[in-house]
Amino acid sequence: MPIAHAGELAALATASCWVATALAFEAAGRRIGSLTVNLLRLLIAIALGALAAWWLRGQVLPLDATAHAWGWLALSGLVGFTFGDLCLFRAFVVLGPRLSTLMMALAPPLTVVVGWSVLGETMSGRDLLGMTLTVVGVAWAILDRGAATPAAKEAPRTTLWGVALGFGGALGQAVGLVLSKLGMGDYDPFAATQIRVLAGTVGYVVLFTLLRRWRQVGRSLGDRRALAFTSVGAFFGPFLGVSLSLVAIRYTTTGVAASLMATTPILIIPVVVLLGRERVRLGGWLGAVVAVAGVVLLFG
């Protein structure tokens, strides 16, 4: 018996996983650099995916996938993991963390456009209103949190290159999600994630070879705390979180799924408050209320 709102619930579970991922990768990135973390998280996710596949499906690799699935899922992995994440993490440096996160709020509307053009998906008026409220609430909360952030932690100035990188990150997430749905069909979401992760890893291997960064990776392997943080992030990110995102797009439209997955900045608010890392002002909480109202509409 199908679970009611299975896609929407999976999308919120994905956003919850990304809360843990964000905190873990932030801690790891401060120690060994975000680019190295990006590669190591995928390598760890390959191992986790192989173990899960052996336990759940009796085979380590998704060799039963069709050529159609391999082609589109591999492309989605390159677009999402390699292109999109590279743009996003570079935007953090050029544009600053607050504005980069704000740019990612463009992912849901971009997903709607790409989903309509590629898959022919449409959203009801209620869904579009829910998406709008969710995106506005998330953006409000991000801007309010940034207002209390010391200027020294932000980029010196907003540049066209930084905005382009932020847009590239949002576009990579949107296109990667739609291509995943196109390639996955009725195939197992966890096996589909394996294909995406393998393709993304190949992209990073090529990149690290071109940049001659393998020595830095070798040095990072000696940092046990960084590896521990990266492992936690890999479990909740490219292993569990991405798999849940594919479950989400199987049972609902990519636009609805992307809107719910964009609530990570809202879900992280109580976590950072409980950890005592920051105080959230009134605007942040009001933004959260608006985003929750959007989520309620999306579940309608």
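Up top is the structure.
The structure presented is a predicted model; accordingly, all values stated were derived computationally and were not measured. (Residues numbered from 1 in each chain as written. Predicted model: local features only at pLDDT ≥ 70, side-chain atom pairs only at ≥ 80, totals over all residues. Heavy atoms only, no water.)

> Go over the packing of helix α7 (residues 160-184) against helix α10 (residues 224-251) with me, naming the residues and quoting the values.
It is the contact of α7 with α10, at a shortest axis distance of 10 Å, that shows an interaxial angle of 70 degrees. One way to sum up the angle between α7 and α10 is to call them roughly perpendicular. Of the residues in α10, those touching α7 at Leu177, Ser180, Lys181 and Met184 are Ser245, Leu246, Ile249 and Arg250. A per-class count over the contact of α7 with α10 returns 4 nonpolar, 2 polar and 2 charged. (Axes fitted to C-alpha atoms, helices over the stretch in contact; angles between N-to-C directions. Helix = DSSP H or I, 4+ residues; strand = E, 2+ residues; numbered from the N terminus. Parallel < 35°, antiparallel > 145°, perpendicular 65-115°, else oblique. Contact = heavy atoms within 4.5 Å. Nonpolar A, V, L, I, M, F, W, Y, C, P; charged D, E, K, R; others polar.)

> Outline the packing of helix α2 (residues 34-57) against helix α3 (residues 67-94), listing residues and values.
Where α2 meets α3, the closest approach of the two axes is 11 Å, and the angle between their N-to-C directions is 150 degrees. In terms of their interaxial angle, α2 and α3 are classed as roughly antiparallel. For the pair α2 and α3, the crossing hand works out as right-handed. Contact with α2, carried on its side by Ser34, Leu35, Asn38, Arg41 and Leu42, involves Phe81, Asp85, Leu86 and Phe89 of α3 and no other residues of that element. Looking at the contact of α2 with α3 residue by residue, the classes come out as 5 nonpolar, 2 polar and 2 charged. (Left-handed = near helix turned anticlockwise from the far one by under 90°.)

> Would you mind going over the pattern of salt bridges in detail, with residue names and values included?
Per the counting criterion, the structure on display carries 5 salt bridges. In this structure, arginine 31 engages aspartate 223 in a salt bridge whose closest nitrogen and oxygen atoms are separated by 3.1 Å. Here arginine 31, found in helix α1 (residues 6-32), pairs with aspartate 223, found in the loop between α9 (214-220) and α10; they are 192 residues apart in sequence, far enough to count as distant. (Salt bridge = Lys/Arg side-chain N within 4 Å of Asp/Glu carboxyl O.)

> So what's going on with unusual backbone geometry? Which residues, and what values?
Of note in this structure, arginine 212 is not a glycine but carries a positive phi near 55 degrees. For arginine 212, the location among the structural elements is in the loop between α8 (189-211) and α9. We classify arginine 212 as exposed; its relative accessible area is 75%. (Buried < 20%, exposed > 50% of the residue type's maximum accessible area, 1.4 Å probe, protein only.)

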